[in-house]
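Geometric and topological summary
Okay, here's what each chain looks like letter by letter:
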Amino acid sequence: MDQVRRIIPVVFLIVFIVAVQLATKYTGTPFYLTQLTMSAYYSLVVVGLCVLMGYAGQISIGHAGFFAIGGYISAALTTHNLLELKDNAFVSLLNKYGVLVLREDLYGETLLTVHPWYACLLAIMTAVIIAFVIGGPVLKLKGHYLAMATLGFGIIIYQIVMATEYFGEADGISEVPSFNILPGIELGGGFEIRVVNYYIAWGLVVFGIIILQNLIHSRVGRALRSIHGSEEAANAMGIHTSRYKLYTFVLSAAFAAIAGVFLTHYNGSIGPSEAGVMKSVRYVAIVAVGGMAHLWGALIMSVILNFLSLRGVFGTYDDAVFGAILIVIMLFAPEGILGLGIFQKLKKIMSGGVSGKTPELQESKTGQKQV
Amino acid sequence: MTIELFLQYLFAGITYGSLYAIVAIGFNIIYNTTGIINFAQGEFVMLGGMIAVTLINFVPLPIAIFLAVILTMIIGALIEMIFIRWLESPSVLRMIIITIGLSIIIREVALHVWDESVRSLPYFVGNEISSVTILGTNISPQVLWVVGVCSLMVVALSLFFKFTSLGREMRACAANRRAAILCGINAKNMVTLSFVLSAGIGALAGCVMSPITYTQYDMGPGLAIKGFTVAILGGLGNSFAAVAAGLLLGIIEAFSISVVPLAFQDAIAITILLIILFIRPHGLFGSSEAAGLKEF
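Residues numbered from 1 in each chain as written. Chains lettered and ligands numbered in written order. Predicted model: local features only at pLDDT ≥ 70, side-chain atom pairs only at ≥ 80, totals over all residues. Heavy atoms only, no water.

Moving on to the nonpolar core. Residues and elements named next belong to chain A. The biggest cluster of nonpolar side chains holds 215 residues, and the ones touching the most others in it are Tyr41, Phe66, Trp202 and Leu299. If you tally residues by element for this core, the top one is helix α2 (residues 32-55), at 16 residues. Non-local contacts of tryptophan 202, meaning those with residues more than four positions away in its chain, are made with Ile17, Leu36, Ala40, Leu299 and Val303. (Core = buried A, V, L, I, M, F, W, Y, C linked by side-chain atoms within 4.5 Å. Buried < 20%, exposed > 50% of the residue type's maximum accessible area, 1.4 Å probe, protein only. Helix = DSSP H or I, 4+ residues; strand = E, 2+ residues; numbered from the N terminus. Contact = heavy atoms within 4.5 Å.)

All names here are of chain A. This structure, assessed with the given rule, holds 23 aromatic pairs over all chains. Seen from their ring centres, tyrosine 42 and tyrosine 283 are 6.3 Å apart, and the 40° between their planes marks the pair as tilted. Here tyrosine 42 is found in helix α2, whereas its partner tyrosine 283 is found in helix α11 (residues 277-290), with 241 residues between them in sequence. Pair check on accessibility: tyrosine 42 and tyrosine 283 agree, each one buried. The interplanar angle of 85° and the centroid separation of 6.3 Å between the aromatic rings of phenylalanine 314 and phenylalanine 322 together place this pair among those described as edge-to-face. (Phe/Tyr/Trp six-rings, centres within 6.5 Å; stacked < 30°, edge-to-face > 60°.)

The next subject is the pattern of salt bridges. Residues and elements named next belong to chain A. Under the criterion given, the structure shown has 8 salt bridges over all chains. For the salt bridge of lysine 279 with glutamate 274, the shortest nitrogen-to-oxygen distance reads 3.7 Å. Owing to a relative accessible area of 11%, glutamate 274 belongs among the buried residues under this scheme. Through salt bridges that share partners, Arg282, Asp318 and Asp319 make up one connected network. (Salt bridge = Lys/Arg side-chain N within 4 Å of Asp/Glu carboxyl O.)

Residue and element names in this part refer to chain A. Within strand β2 (residues 110-114), 4 of the 5 residues are buried, leaving the element largely enclosed by the surrounding structure. Where strand β1 (residues 100-104) and β2 come together, 5 bridges link them in antiparallel fashion. The partner of leucine 102 across the bridge, within β2, is leucine 112. (Pairing = 2+ DSSP bridges.)

Counting residues at the interface gives 37 residues for chain B, matched by 36 residues for chain A. Contact between chain B and chain A buries roughly 3,400 Å² in total, counting both sides, with carbon and sulfur atoms accounting for 82%. Remark: the boundary between chain B and chain A carries 0 salt bridges. On the surface where chain B and chain A come into contact, there are 5 residue pairs in polar contact (both at pLDDT 80 or more). Elements represented by at least two residues in the side of chain B that touches chain A include exactly α4 (92-114), α9 (220-234) and α11 (265-279) of chain B. When residues in the side of chain B that touches chain A are grouped by element, the largest group, 14 residues, is from α4(B). When grouped by side-chain class, the residues that make up the side of chain B that touches chain A number 29 nonpolar, 4 polar and 4 charged. (Buried area = accessible area lost by both parts, 1.4 Å probe. Polar contact = N/O pair within 3.5 Å; in protein donor to acceptor, adjacent residues only side chain to side chain. Nonpolar A, V, L, I, M, F, W, Y, C, P; charged D, E, K, R; others polar.)

Moving on to the side chain of Lys245(A). Mapped onto the secondary structure, Lys245(A) falls in helix α10 (residues 241-267). Here Lys245(A) is in contact with Gln58(A), Leu139(A), Ile227(A) and Glu231(A), once residues within four sequence places are set aside.

What follows deals with helix α5 (residues 116-138) of chain A. In a regular helix each residue adds 1.5 Å, so 23 residues correspond to 33 Å; α5(A) covers 32 Å between its end C-alpha atoms and thus fits that length. Listing the buried residues of α5(A) in full gives Pro116(A), Ala119(A), Cys120(A), Ala123(A), Ile124(A), Ala127(A), Val128(A), Ala131(A), Ile134(A), Gly135(A) and Val138(A). The secondary structure elements touched by the buried residues of α5(A) are α3 (63-79), β2, α6 (143-163), β3 (179-182) and α10 of chain A together with α11 of chain B. (Expected span 1.5 Å × (residues − 1).)

What follows is the structure, encoded as structure tokens:
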């Protein structure tokens, strides 16, 4: 029964994804797919962060850093030409084992670069290792200290990409090649492969959601919620709190890095703004609007807000909108818009029940409500 | 390194260090009365500088600075009254997110009011090329202004907290909020006052630093993270240690220029912050037992 209840929203999501694609096809608005694809990748970061913030209760204002690690490493490896270093022992060794590929760029010049699959794996591995290394000491901190430490980490990554020539300094890296995931399936920004890319992105989100949902409803998920409730109590009950926190941190960092790799290949470029503090704050804002411990809320809000932002609806007030959202949500609805219990209240009114706090509403107030 | 170069770096370090110390004291004043870190602290410095730069077109410099400080204090009071006063025992996570949101809003408003160009106040005495000679090195007279005003602020604040009844009430709230309320102190007003005070000292520091560091709409977050580093370095809540820690960080930064590229200068402060957080979260001068009782 519980299994079925969990599958239904996923089925709904898949139906919705297909319906949106068909709708854009028949209304002649396929250009929306570009922003929807990008929103999907940002949503991947958001759902990963949602588990860390909402379920494990650990704030991170540095997730744009992990996104940037993934995106930048993948971009740099697949873009920088190694042809001049061909006689270098290490490069020729890599070449011998098929790690490198020869290709032609836009101007017909021959480039020797790392194969996108290896670059992708290396980028994600790097992010995971960095998350492991800094996660240990960082997650010992709480509250303000944790927020500042993760913020500091994000700023350091930003400074590194801004000051390193290899990562293109303020210009970032452009002309990132498209990524042949499987023969015939190409990850890139071309018009003719727009629909395929839409499904790649959303397939990844569905896959991510299924993993996270299983995680939340498992022994690990219960452990995480107990950590959120009270870390000392969880510890006393025999839960290895620091290990669970670290694993969740690493998992969410991996989600961010994967999103970074894929979005960079899709856009064909990455710039330092992807590593900026505002990006990290934006992810936190979306998780907060979605209701912290609310995977589906985070996903819905992420798609809506990212889509509107990417379409340029907020104009020059883009950052201000996210700042205002943060304040308003935290002041009036700390459990998120969906946490206000509008639907439950409506249901109550419809069924003619008396208004007031029902047990399920009270449950949602504690932020532990299960999806 | 020649002795002259050494002194030059030292003075540069002390100048920036004074600014960091003032931002850190702003953090500490609010932290002591509320237990929250105001992530919008750097924005007060920016607002002070920006408002003064605008006002100087209409009134003489001293009056412009005075009005800028008063206006920033009013803004600080309004922020506290609108966003923080009526929240009942908010969680730390919630307060972090609200103050981050506030800093974004203030920055964006500043961007739309003053655009993104870099501005500065004129030098208080002389101009860019005038200098005074101290110990054989030439420094700008503005450096003396910065160091002088910042030390005056620290002394005035310590006198205020020690000898005025208002200052003593604030300290009582910091020590034990409930006991203070039972003694008839209006704790909510003390919180508002702490925002007014830290907005005021931030704005004044922003004005005296403006000729040297310039003022730009997005200078806040960088200052905030350095101010926080200093506050942690000295031990959160300890204002006098913050002065020592501020000078220390300023001097380290100034000397680091000769070793690492300029682009990484900000990364040094953050690396120090991370190391301190990992090794001695109670600060260089704080005691770990006292820190264990606080909720961060």
